[in-house]
Amino acid sequence: MPHLAPTTLTTAEQKAILRITAVNARDHTVFSMALGTGLRLAELVGLNVGDVFAPEGTPRVRVRIRAEIAKGG
């Protein structure tokens with residue numbers, strides 16, 4: 001039985017998705033999180049606001065996601 005690798009998006013496809021979703025903040029955030037973190041769909045939709053936080057509570061480009069909801073804990 002051959003190994004079935006998941007299909008991955010090219011950089012151009014990722015950029016197109018982010019450009020298209022830029023008009024909708026919620027969709028853009030979900031796609032940005034998916035592309036930037038590699039979280040699975042179930043992990044993304046299971047996120048709560050408190051699950052994503054910036055160290056010291058200051059706004060940052062990078063955020064940390066609680067280990068309990070990430071792949072493999």
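Below: a short report on this structure. In every chain, residue numbers begin from 1 and rise along the written sequence. Only residues with pLDDT of 70 or above have their local features reported here, since the model is predicted, and side-chain atom pairs are shown and tallied only from 80 upward, although totals for entire chains, interfaces and linings are computed over all residues. Side-chain metrics rest on all non-hydrogen atoms present in the structure, leaving aside hydrogens and water.

Time to look at a nonpolar patch on the surface. Excluding any residue in a salt bridge, patches collect residues exceeding 30% relative accessible area, merging like charges within 9 Å and nonpolar Val, Leu, Ile, Met, Phe, Trp and Tyr side chains within 5 Å. We get accessible surface area from the Shrake-Rupley algorithm with a probe of 1.4 Å; when it comes to residues, only the shown protein chains can shield them. A pair is scored as a salt bridge if a Lys or Arg side-chain nitrogen falls within 4 Å of a carboxyl oxygen belonging to Asp or Glu. On the surface, Leu9, Phe31 and Leu35 cluster together into a nonpolar patch covering about 230 Å² of accessible area. Segments assigned H or I by DSSP are reported as helices when at least four residues long, segments assigned E as strands when at least two residues long, and all are numbered from the N terminus. Examined against the element boundaries, leucine 9 turns out to sit in the segment before helix H1 (11–21).

The residue alanine 34 is located in helix H2 (residues 25–37) in this model. Considered as a pair, alanine 34 and leucine 44 are ten residues apart in the sequence and their alpha carbons are 7.1 Å apart.

Moving on, we come to the packing of H1 against H2. Comment: axis = line fitted to C-alpha atoms, over the contacting stretch for helices; angle = value between 0 and 180 degrees taken between N-to-C directions. Look at H1 against H2: their axes get within 8 Å of each other, and the N-to-C directions meet at 160 degrees. By the criterion of interaxial angle, the relationship of H1 to H2 is roughly antiparallel. The two elements H1 and H2 meet at a crossing, and its hand is left-handed. Contacts from Gln14, Ile17, Leu18 and Thr21 of H1 reach H2 at Asp27, His28, Phe31, Ser32 and Leu35. Every angle not falling under 35 degrees, over 145, or within 65 to 115 is termed oblique; those three ranges are roughly parallel, roughly antiparallel and roughly perpendicular. Take the far helix as the reference: if the near one is turned anticlockwise from it by less than a right angle, the crossing is left-handed, and if turned clockwise, right-handed. Residue contacts are counted whenever heavy atoms from the two residues lie within 4.5 Å of one another.

Turning to H2, a few remarks are in order. Each full turn of the α-helix corresponds to 3.6 residues, which orients residues three or four apart in the same direction. Over its 13 residues, H2 runs 18 Å from end to end, which matches the ideal 18 Å to within 8%, given 1.5 Å per residue. Throughout this description, a polar contact denotes any pair of N or O atoms lying within 3.5 Å of each other; where both atoms belong to protein, one of them has to be capable of donating a hydrogen while the other can accept it, and for residues adjacent in sequence the pair is counted only when both atoms sit in side chains. N-capping of H2 is provided by asparagine 24, with a side-chain oxygen placed 3.1 Å from the backbone N of arginine 26. Backbone geometry just after H2 places glycine 38 at a positive phi near 80 degrees. Helix span, as expected, comes to 1.5 Å for every residue beyond the first.

Here we take up the pattern of salt bridges. In total, this model carries one salt bridge according to the counting rule given. With a shortest N-O distance of 2.7 Å, aspartate 27 and arginine 26 are connected by a salt bridge. Burial classification: accessible surface area is computed with a 1.4 Å probe over protein chains only, and a residue below 20% of its type maximum counts as buried, one above 50% as exposed, and the rest as partly exposed. Owing to a relative accessible area of 60%, arginine 26 belongs among the exposed residues under this scheme.

Coordinates in, geometry out; function isn't part of it.
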